[in-house]
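One-letter residues, chain by chain:
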Amino acid sequence: MTVSTHSPAGLHSVPTSAQTWTVAAIAALFDLPFNDLLYRAQQVHRAHFPGAEVELATLLSIKTGGCPEDCGYCPQAARYHTGVEAEKLLPLAQVVAAAQAAKHNGATRFCMGAAWREPKGRDIERVQAMISAVKAMGLETCATLGMLSDEQALQLKASGLDYYNHNLDTAPEFYGNIVTTRVYQDRLDTLGHVRRAGIKVCCGGIVGMGESRLQRAGLIAQLANLDPYPESVPINHLVQVPGTPLNGTEPLDPIEFVRTIAVARITMPEARVRLSAGRREFGEAVQVLCFLAGANSIFYGDKLLTTCNPEAEADRALLAKLGLKTSAQDAAASCGDCAARSAD
Ligand code: SAM
Ligand code: DTB
Ligand code: SF4
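Owing to the predicted nature of the structure, the values given are computational and were not obtained by experimental measurement.

**Observations concerning the layout of surface pockets**
Now for step 1: Each pocket or cavity is described by its volume, and for the largest pocket that value is around 320 Å³.
Now for step 2: Along the walls of the largest pocket sit 19 residues, with Leu 59, Leu 60, Ser 61, Lys 303 and Leu 304 positioned nearest its centre.
Now for step 3: When residues of the lining of the largest pocket are traced back to their parent elements, those giving at least two are β3 (55–63) and α3 (92–104).
Now for step 4: When residues of the lining of the largest pocket are assigned to their parent elements, the largest contribution, 4 residues, is made by β3.
Now for step 5: For the lining of the largest pocket, the per-class residue count stands at 10 nonpolar, 6 polar and 3 charged.

**A closer look at the packing of aromatic side chains**
Now for step 1: As enumerated under the stated definition, the model contains 2 aromatic pairs in all.
Now for step 2: Ring geometry for Tyr 175 versus Tyr 184: centroids 5.2 Å apart, planes at 80°, classification edge-to-face. Both residues of the pair, Tyr 175 and Tyr 184, belong to the buried class.
Now for step 3: Plain terms: the ring middles of Phe 257 and Phe 282 are 4.7 Å apart, the flat faces sit at 50° to each other, and that makes the pair tilted. Taken together, the positions of Phe 257 in helix α9 (residues 254–267) and Phe 282 in helix α10 (residues 279–292) put the pair 25 residues apart, joining distant regions of the chain.
Now for step 4: Stacked on the ring of Tyr 163, the Lys or Arg Arg 109 has its end atom at 3.5 Å from the ring centre.
Now for step 5: Over the ring of Phe 299 we find Arg 274, and its NZ or CZ is 4.8 Å from the ring centre.

**Some remarks on the site of ligand 1**
Now for step 1: In the neighbourhood of ligand 1, 18 residues make up the surrounding shell, with Tyr 73, Asn 167, Asp 169, Arg 187 and Val 239 lying closest.
Now for step 2: In this structure, Ala 114 approaches ligand 1 through a main-chain N or O atom, which is 3.3 Å from a nitrogen atom.
Now for step 3: Take Asp 169: an N or O atom from its side chain is 2.7 Å from an oxygen atom of ligand 1.
Now for step 4: If ligand 1 stood free it would expose 550 Å²; the protein chains cover 90% of that surface.
Now for step 5: Assessed atom by atom at 2 Å from the grid points, ligand 1 resides in the largest cavity.
Now for step 6: Its residues placed into classes, the shell around ligand 1 shows 9 nonpolar, 7 polar and 2 charged.

**Focus: the pattern of salt bridges**
Now for step 1: A full pass over the atoms with the stated rule returns 18 salt bridges.
Now for step 2: Arg 109 is the partner of Glu 55 in a salt bridge, and the nearest nitrogen-oxygen pair spans 2.6 Å. Placement of the pair is Glu 55 in strand β3 and Arg 109 in strand β4 (residues 109–114), with a sequence separation of 54 residues.
Now for step 3: Using a relative accessible area of 4% as the deciding quantity, one classes Glu 55 as buried.
Now for step 4: Here Arg 216 ties to Glu 256 by a salt bridge, and the two come within 3.0 Å at their closest N and O atoms. Of this pair, Arg 216 sits in helix α8 (residues 213–224) while Glu 256 sits in helix α9, and the two are 40 residues apart along the sequence. For the pair Arg 216 and Glu 256, a shared accessibility class is recorded, and that class is buried.

**So, helix α7 (residues 184–196)**
Now for step 1: With 13 residues, α7 extends 19 Å between its outermost C-alpha atoms, agreeing within 8% with the 18 Å of an ideal straight helix rising 1.5 Å per residue.
Now for step 2: Looking at the buried residues of α7, the elements they touch are α5 (150–158), β6 (163–165), α6 (172–178), β7 (200–202) and α8.
Now for step 3: A positive backbone phi angle near 85° is found at Gly 198, which sits one or two residues after α7.

**A look at unusual backbone geometry**
Now for step 1: A cis amide bond, omega 0°, links Asp 227 with the succeeding residue Pro 228.
Now for step 2: Inspection of the secondary structure assignment puts Pro 228 in the loop between α8 and β9 (232–237).
Now for step 3: Although it is not a glycine, Ala 52 adopts a positive phi angle of roughly 55°.
Now for step 4: Within the secondary structure layout, Ala 52 lies in the loop between α2 (34–48) and β3.
Now for step 5: Judged by relative accessible area, Ala 52 falls into the partly exposed class, the value being 27%.

**Describing the nonpolar core**
Now for step 1: Counting residues in each nonpolar core, the largest one holds 92 residues, and the members touching the most others are Ile 62 and Leu 156.
Now for step 2: Here the element with the most residues in this core is α9; it accounts for 7 residues.
Now for step 3: Residues within four places of Leu 156 in sequence aside, it is in contact with Ile 124, Val 127, Gln 128, Ile 131, Leu 145, Leu 148, Leu 161, Tyr 164 and Ile 199.
Now for step 4: If you look at the next biggest cluster of nonpolar residues, it comprises 10 residues, including Ala 57, Tyr 163, Val 239 and Phe 299.

**Topic: the side chain of Ser 327**
Now for step 1: Here Ser 327 is to be found in helix α12 (residues 327–343).
Now for step 2: Residue classification places Ser 327 among the buried positions, given a relative accessible area of 12%.
Now for step 3: Reaching out from Ser 327, the side chain makes a polar contact with the backbone nitrogen of Leu 56 at a distance of 3.2 Å.
Now for step 4: Discounting residues that sit within four places of it in the chain, Ser 327 has contacts with Glu 53, Val 54, Glu 55, Leu 56 and Thr 108.

The rules behind the values
Residues numbered from 1 in each chain as written. Chains lettered and ligands numbered in written order. Predicted model: local features only at pLDDT ≥ 70, side-chain atom pairs only at ≥ 80, totals over all residues. Heavy atoms only, no water. 1 Å grid on protein atoms, 1.4 Å probe; cavity = no way out; pocket = protein on both sides within 12 Å on 5 of 7 lines; lining within 4 Å. Points joined across faces, edges and corners; volume = space filled by probe spheres on them. Helix = DSSP H or I, 4+ residues; strand = E, 2+ residues; numbered from the N terminus. Nonpolar A, V, L, I, M, F, W, Y, C, P; charged D, E, K, R; others polar. Phe/Tyr/Trp six-rings, centres within 6.5 Å; stacked < 30°, edge-to-face > 60°. Buried < 20%, exposed > 50% of the residue type's maximum accessible area, 1.4 Å probe, protein only. Lys NZ or Arg CZ within 6 Å of the ring centre and 35° of its normal. Near = heavy atom within 4 Å. Polar contact = N/O pair within 3.5 Å; in protein donor to acceptor, adjacent residues only side chain to side chain. Areas by Shrake-Rupley, 256 points an atom, 1.4 Å probe, with all protein chains shown as cover. Sits in = over half its atoms within 2 Å of the grid points. Salt bridge = Lys/Arg side-chain N within 4 Å of Asp/Glu carboxyl O. Expected span 1.5 Å × (residues − 1). Contact = heavy atoms within 4.5 Å. Core = buried A, V, L, I, M, F, W, Y, C linked by side-chain atoms within 4.5 Å.

Now the structure itself:
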């Protein structure tokens, strides 16, 4: 189905339901006057998430640094001198303690990240133990470990993995400017293995890497046209790290970042759109616009993988100021309902 949207910029025909999105249709959304775009994103958001609660996902770097890949944004690539030291895979007890702290602080999802091109056999077994332990605490589990084979995806599923994060990062035609040690199809292949194993897909990208608006539209088209589109869509703003090739890139105008969130919301109506890396640099006002544009998930905790995130305390204060409920409050409320019903 397509609808026409009148705007001072002219008549736009843009699709509104699950279907193939052309890059041109997505670029037309990006080109809408800002208020029209936000209004549309709000309509889609409220139709699909009437409670409007924000999901809190906490990240832990379970294997930091020393990565053989050359992703131009990444402080963990061994070849760049960023001050990030290579470490071994964390012991299980340390991961369990971090997950307990995350749960105590109100997170409902725990995401374990490893600076690998791909995991080796022994790595998978150790990560499987982490996943089972975190799952047993009642948290949703997510992992991001690099490329996976079909079999590795099945192993992770068997240990209780709910989500696998594997980002497409940018438009296919810009990918080679950012990474040369793998190709776009490698990413798509892993996403296929994850989907076939029955694990939910968390897949997004990074903006502010010097790409054009059309290329941002190209990234969103890739994500929205995955069949089905990802359950979680992290939209990262490049965190510039001295020593990485992308350090010094002209930062993206924050309004353009908000537009990207809105376009992700409209094209992937039921996805959790996660306002991801870069939040700290944006400050409160831009984050508020992102929530208005349909973001309904954040990384929650003082650290992302190696860089800083807003402090948890500040996030709680911001959400409270906005009257936004969190996923943990929602879960607690529904437990309360059950208890009340069973007492009747
Ligand atoms: N090594 C695995 C991989 O590349 O899939 C998993 C970890 S990797 C650090 C996870 C994601 O973090 C990347 O795909 C990228 O989207 C994001 N990321 C890494 N460095 C970033 C930065 N400086 N700014 C924003 N996002 C970043
Ligand atoms: C995602 O899309 N963003 C997160 C998570 N998935 C793994 C990672 C952001 C990393 C930012 C740079 C760092 O802290 O090293
Ligand atoms: Fe390695 Fe992942 Fe960083 Fe690329 S993004 S250098 S694969 S840790």
